[in-house]
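Remarks on the overall topology
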Amino acid sequence: MSSLINLLLGLAMAILALSLIYTMILARGQKALKGELDTKIPHSVQEHAYIRNPVFLTYAIFFVLIILIIVYFAGTNNW
């Protein structure tokens, strides 16, 4: 494999690990709010609802990586 692919693979693995850790931290925070069904949403989350959502962030990163891989293979002509 080329060094670019290895770099992209390492970057993807790091992002996945950070996303997993971030999700686990959020899950622990939700357990602390057991009895409160309707809590107030923090102001920073209200302003950036899509940026703060790890699911949307994961999809965005996935599609950017797919586009980068397509561009890489289109540029190298190694079909």
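These numbers were taken from a predicted model, which means no experiment stands behind them.

**Quick notes on the overall build of the protein**
- The helix and strand inventory of the protein stands at three helices and zero strands.
- Reading the secondary structure of the protein in the N-to-C direction produces α-α-α.
- Here the protein, with 79 residues, has 5% of them falling under the buried criterion.
- Summing over all exposed atoms, the protein offers an accessible surface of approximately 7,000 Å²; the carbon and sulfur share of this is 72%.

**Let's talk about a nonpolar patch on the surface**
- Together, Tyr50, Val55, Phe56, Tyr59, Phe62, Phe63, Ile66, Ile69, Ile70 and Phe73 make up a nonpolar patch on the protein surface, roughly 1,000 Å² of accessible area in all.
- Within the fold, Phe56 resides in helix H3 (residues 54–76).

**A few points about the packing of aromatic side chains**
- Under the criterion given, the structure shown has two aromatic pairs.
- Consider the rings of Phe62 and Phe63, whose centres lie 5.3 Å apart with planes at 65 degrees: the pair is edge-to-face.
- The exposure class assigned to Phe62 is partly exposed, which follows from its relative accessible area of 46%.
- Consider the rings of Tyr72 and Phe73, whose centres lie 5.4 Å apart with planes at 70 degrees: the pair is edge-to-face.
- For Phe73, a relative accessible area of 32% puts it in the partly exposed group.

**Remarks on H3**
- Here H3 is 23 residues long and its end C-alpha atoms lie 33 Å apart, about the 33 Å a rise of 1.5 Å per residue gives.
- Positive backbone phi, approximately 55 degrees, marks Asn77, located one or two places after H3.

Rules of the game
- Residues numbered from 1 in each chain as written.
- Predicted model: local features only at pLDDT ≥ 70, side-chain atom pairs only at ≥ 80, totals over all residues.
- Heavy atoms only, no water.
- Helix = DSSP H or I, 4+ residues; strand = E, 2+ residues; numbered from the N terminus.
- Buried < 20%, exposed > 50% of the residue type's maximum accessible area, 1.4 Å probe, protein only.
- Areas by Shrake-Rupley, 256 points an atom, 1.4 Å probe, with all protein chains shown as cover.
- Patch = residues over 30% accessible without salt bridge, like charges linked within 9 Å, V, L, I, M, F, W, Y side chains within 5 Å.
- Salt bridge = Lys/Arg side-chain N within 4 Å of Asp/Glu carboxyl O.
- Phe/Tyr/Trp six-rings, centres within 6.5 Å; stacked < 30°, edge-to-face > 60°.
- Expected span 1.5 Å × (residues − 1).

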